[in-house]
Each structure stands twice: as structure tokens, then as C-alpha cells.
Amino acid sequence: MATHRREGVERAGEIRLKDATGRWMILTTVLGSSMAMLDSTVVNVALPRIGRDLDTDLAALQWTVNAYMITLAGLILLGGALGDRFGRRRVFLIGVLWFAVASLACGLAPNDIVLIAARALQGVGGALLTPGSLALIQSGFHPDDRAKAVGLWSGLGGVGAAIGPFVGGWLVDGPGWRWVFFLNVPLALVCVPVALRHVPESRDTSVPEGVRAGADGRRRFDVLGAGLGALALALVTYALIEAPNDGASPVVIGAAVAGVVLGVVFVRVERRRTDPMLPLSIFSSRLFTSVNLVTFCVYAALGGFMFLAAIQLQVVAGYSALGAGTALLPTTVLMLLFSAKSGELGQRIGPRIPLTVGPLIAAAGMLLMLRVGPGASYLTDVLPAVALLGVGLVTMVAPLTATVLASVDAGKAGLASGINNAAARAAGLVAVAALPLLARMTPEAYRSAPEFEAAFRRAMPMCAGLLVIGAALAWWQVRRPADDPALKRSEPRTGCAVGAPGLEPEPDR
């Protein structure tokens, strides 16, 4: 299972944080995961400039975000299984290189079609590197140092997420939006040789979830399940995005119906497979199912907010790209500083109160964004809204992640984390596709300040409403893990919470 390196300490499962190999391991995984994190935080800030430079409409900007999310959400579970089977370092490095090449293609894109296609390829790379970054730490470090290593990785990753909007805004206002994507190339050029030189290989010798052994003894991956899931998401997203342009046309209706049908087929296929990518038996835990429903509501609201707020600040309030990116910074800083304390509080009092109160506070923050209009003051209009949103996220995110991991047997913690991560990303892409339609945005809305402001004012209460629904679900359904009947005979759980889905990468295996 482990690959022995030059020194005795450089063996998977025996790396210590105090040794050089441990420090190189942290650097490698932080660099890799930072590529995906930076990309997710800075692209929204660049959207208005991308639209103007490529002379495209709002639908193309939605696809710029969602093409990446579709392939990432659809393939992320398969990416974790591939790492377990073929080697976590190998698949992680393939993901880093793939992501870098796709980023280069994004930066060189001559039009919106090429950009959208390259973004979809980026998502494939993200599905390979995202689960691998933390899996390398979990499999590589000695058990005594594993929690500290995860904490260090999470903290450094949080710093990267915090500076992402600032760096993105500076690049958009300075060298141009293409450098938002070019930035990933030097990160990959540092990450790859360091990983090859200092990170040991590891793999799972058992047959993991998402893989089945054939008659010849060779493992088969659930490619069919991954393909059906991604295609169902793509078709539903297409219908939602194109509806404002084409109305209830046969193509739009056909795509919507086909997406729903493929979703049903996906569930049936996963139910019948011997070892599916998404074993439906995991949802026998009522707590796991409930928390994922809360996750969907929360991250749908958050994904829609992040997409629209960055445009609102620039098109309506008149902020520069740098100003818009910096304006949202307090939310990330609050999470970075206080998420650990929030996790401890949730452990003491249980998840029900944090998962009820947190979404309600975040909903109030989104409603305060209705004060942001032409000439909005940052101190009196923007800061109170984003600070309140940050407090809400701090209150709920760490307890949510911890509850997901605690709601299943210890042996399924990685799978549970991956499903929760995929649910969060799927929620975000559905929100980005649906909100402009529900808020009656026209294809050219982002070019007109009055029109976009009116649509933004219709969209924010919808986002807040999703958070209120999430809070109601939490109050009604979420209890302490020990109260879930599906877990009465479970082994004690020793996994730890490692981050927020959609905000930081999580392990999928």
C-alpha cells in the first residue's frame, strides 16, 4: 500500500509534521487546493469585465460559472475513487496539470464558447485534485499528527480563500481578467515537482465505494453513474439558463424533461449496481439526509448571492473589480477566525441550534444587501450586510460539516463528506441557473444598472427564503447524531470536521 521513499520517515501513514517531508506535504496540498479555491472566489468578480470584453450576454456568464460546477459536481465522487485505486498522488497530480492546462485555455479563449468549454475541462481537473489534496494528508501523516496537519492545511487554505477576491479584483483592474486564469499555471509549476520529489504515493487496497470487482478480478468504476449524474445536471441547467432567451420552446422543455428523466435513471442505476458511486443506503440515516437538505438550501442561497452580489457592486454601486472583491472579504475573514470556536460550540450544544440560527442570521445579511444601490457607502450599506452574512456562516458551517461526518459510520466518513460536497456544488449551480430566470433578468440585464438593480432586489428575498427553509428543516429534523436510529449500532466515530463544502475542498474518499 505505501511507497517507501529515501528516508524511513517518508512512508505513507508515518509522516510527521515536524519533518521536512511533512512540511513539503502541507505545501503541496495547499498549493493544489488553492488553485480550485482561488478559481471559485475570483471568477465571479471578473464576470462583468468578461462579458464586456467578449461582448456576450448574461446566459454566457452563467455558463462561465456553471460549466465548471457541472463537471466538478458530477465527477467529484468518481475522482476520489480513482485516487484510491490508482494512487492518490498520481491522480492529484493529473488533476493539477489538467486544471492548469484548462486554466491556460480559459485565459486564451477568443470567445465565450471556448471559455465555457475550457471551464468545463477545469471542472474535470478540479474533480481529480479536490478530493486528493486532503486524502493525501489523511493517508500520509502519522495518526498523532493528522489532526494538526488537517488544521494547518485548513488554516492556510482559509488564508488563500481570504485573499482570493482581493487578488482577483486587482488582476481584473490591472493586467486583465485573463490573468485570473493564468495565475493557476505558476501554482501548478511549483506544486508538481514538489509533489513528485517529496510526497509518497498511497492507495486503498480494498475495493472502495464507486468501484466493483468484475469476474476477472479487475475493478470497474461507476462511470455510468458519474456520466448520468453530470448529464442530468447539465440538461436541467441548460433549460434554466436558456429559458429567458427562448421561453418555453421545444428545446428548453425537452432539455428539462430529459434532465429529470436522466436523474430518475441515475437513481435507479445506483440502486441496482453492486457497488455504486452513490450508495443510496447511506441515506438510511435520517440525520445525514436532513443535513444534506439543509446544505442544499444554504449553498443554493450562497451560490446565488455570490454570483449576483459581485455584479451588483460593480454594475449598480459603481465599485471597481478590486473594490467589489475586497467588499466581500469580511465574510471570509470571520469564517477564518471563528469557525473553530463555532465547531466547539456545536459540539457542546448539538447541531440543531447552530443550524437553525446560522441560516436565519445569514438571511438577515442578504436582506440588508437590498440597501446597496447606486453610490452605496461601504461602511453603512455594504459592511453591515456582509458582516452579518459572515456571522451566520460562522455559526452554521463548522457544525454542519461535523454533523455530516458524525451522521454515518466512521468507515463512510469520506463518502459522506464527498456527497455533501457534491450537494453543495450542485445547489450552487442550480441557483446560478435559476435565479436570473426567477428574478426576470433579461439577457442584457448586467449592462443596465437600473434593470439589474430591480432584478437583484427580487432575487435577494429568494436567497433569504432558501436560508429560512434550511433553518426550518434544521429545527424540525436535525438532532444529535446519537439520536439517529440508523447509528445506534455504529462504531464510535473518530473523524474530524475539516472544512465547509464549497468554501474549502473536502475529502471524497
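Predicted, not measured: the structure shown is a model, and the values here were computed from it. (Residues numbered from 1 in each chain as written. Predicted model: local features only at pLDDT ≥ 70, side-chain atom pairs only at ≥ 80, totals over all residues. Heavy atoms only, no water.)

A few words now on the packing of aromatic side chains. The final tally for this structure, using the stated rule, is 5 aromatic pairs. Both rings, one in tryptophan 177 and one in phenylalanine 181, keep their centres 6.2 Å apart while their planes meet at 90°; by these two values the pair is edge-to-face. Phenylalanine 181 matches tryptophan 177 in its accessibility class, with the two residues each being buried. Ring plane angle 55° and centroid distance 5.4 Å describe the contact between phenylalanine 283 and phenylalanine 288, whose orientation is recorded as tilted. (Phe/Tyr/Trp six-rings, centres within 6.5 Å; stacked < 30°, edge-to-face > 60°. Buried < 20%, exposed > 50% of the residue type's maximum accessible area, 1.4 Å probe, protein only.)

Turning our attention to the environment of valine 252. Tracing the backbone shows valine 252 in helix α9 (residues 250-272). Look at valine 252 and you get buried, because its relative accessible area is 7%. Between the C-alpha atom of valine 252 and that of leucine 240, which follows or precedes it by 12 residues, the distance is 7.9 Å. With near-sequence residues (within four places) excluded, valine 252 lies in contact with Ala239, Glu242, Ala243, Asp246 and Gly247. (Helix = DSSP H or I, 4+ residues; strand = E, 2+ residues; numbered from the N terminus. Contact = heavy atoms within 4.5 Å.)

Closest axis-to-axis distance for the helix α2 (residues 58-86)/helix α3 (residues 88-108) pair is 8 Å, and the angle between their directions is 150°. The angle between the axes of α2 and α3 places the two elements in the roughly antiparallel class. Residue-level inspection shows Tyr68, Gly79, Leu82, Gly83, Asp84 and Phe86 of α2 in contact with α3, the latter providing Arg88, Arg90, Val91 and Phe99. By residue class, the composition of the contact of α2 with α3 is 5 nonpolar, 2 polar and 3 charged. (Axes fitted to C-alpha atoms, helices over the stretch in contact; angles between N-to-C directions. Parallel < 35°, antiparallel > 145°, perpendicular 65-115°, else oblique. Nonpolar A, V, L, I, M, F, W, Y, C, P; charged D, E, K, R; others polar.)

This part is about the nonpolar core. In globular proteins that are soluble, nonpolar side chains generally tend to be buried together. Ranked by size, the top nonpolar core spans 139 residues in total, and within it Leu308 and Phe452 carry the most contacts. If you tally residues by element for this core, the top one is helix α10 (residues 286-316), at 18 residues. Ignoring any residue separated from it by four or fewer positions in sequence, one finds leucine 308 in contact with Leu435, Met441, Phe452, Phe456, Ala459 and Met460. (Core = buried A, V, L, I, M, F, W, Y, C linked by side-chain atoms within 4.5 Å.)

Attention now goes to α2. Spanning 29 residues, α2 covers 40 Å between terminal C-alpha atoms, matching the ideal 42 Å at 1.5 Å per step. Along α2, the sharpest change in direction is near 50° and occurs at leucine 75. The positive-phi residue at the C-terminal boundary of α2 is glycine 87, with phi of around 115°. (Expected span 1.5 Å × (residues − 1). Bend = angle between axes of the 7 residues up to and from the residue.)

Once that is clear, we can look at the environment of alanine 427. Along the polypeptide, alanine 427 turns up in helix α15 (residues 413-438). Residue alanine 427 is classed as buried on the basis of its relative accessible area of 0%. The spatial distance from the C-alpha of alanine 427 to the C-alpha of valine 298 is 8.3 Å, given a sequence separation of 129 residues. When sequence neighbours within four positions are dropped, the list of residues in contact with alanine 427 reads Phe296, Tyr299 and Ala300.

Moving on: the packing of helix α13 (residues 352-368) against helix α16 (residues 449-477). Helix-helix packing is described using two parameters, namely the angle between the two axes and the distance between the axes. Closest axis-to-axis distance for the α13/α16 pair is 8 Å, and the angle between their directions is 170°. Taken together, the axis directions place α13 and α16 in an arrangement best described as roughly antiparallel. Between α13 and α16, the contacting residues are Arg352, Leu355, Thr356, Pro359, Leu360, Ala362, Ala363, Met366 and Leu367 on the first element and Met460, Pro461, Cys463, Ala464, Leu467, Val468, Gly470, Ala471, Ala474 and Trp475 on the second. Residue composition of the contact of α13 with α16, grouped by class: 16 nonpolar, 2 polar and 1 charged.

Treat this as a map of the structure, not an account of what it does.
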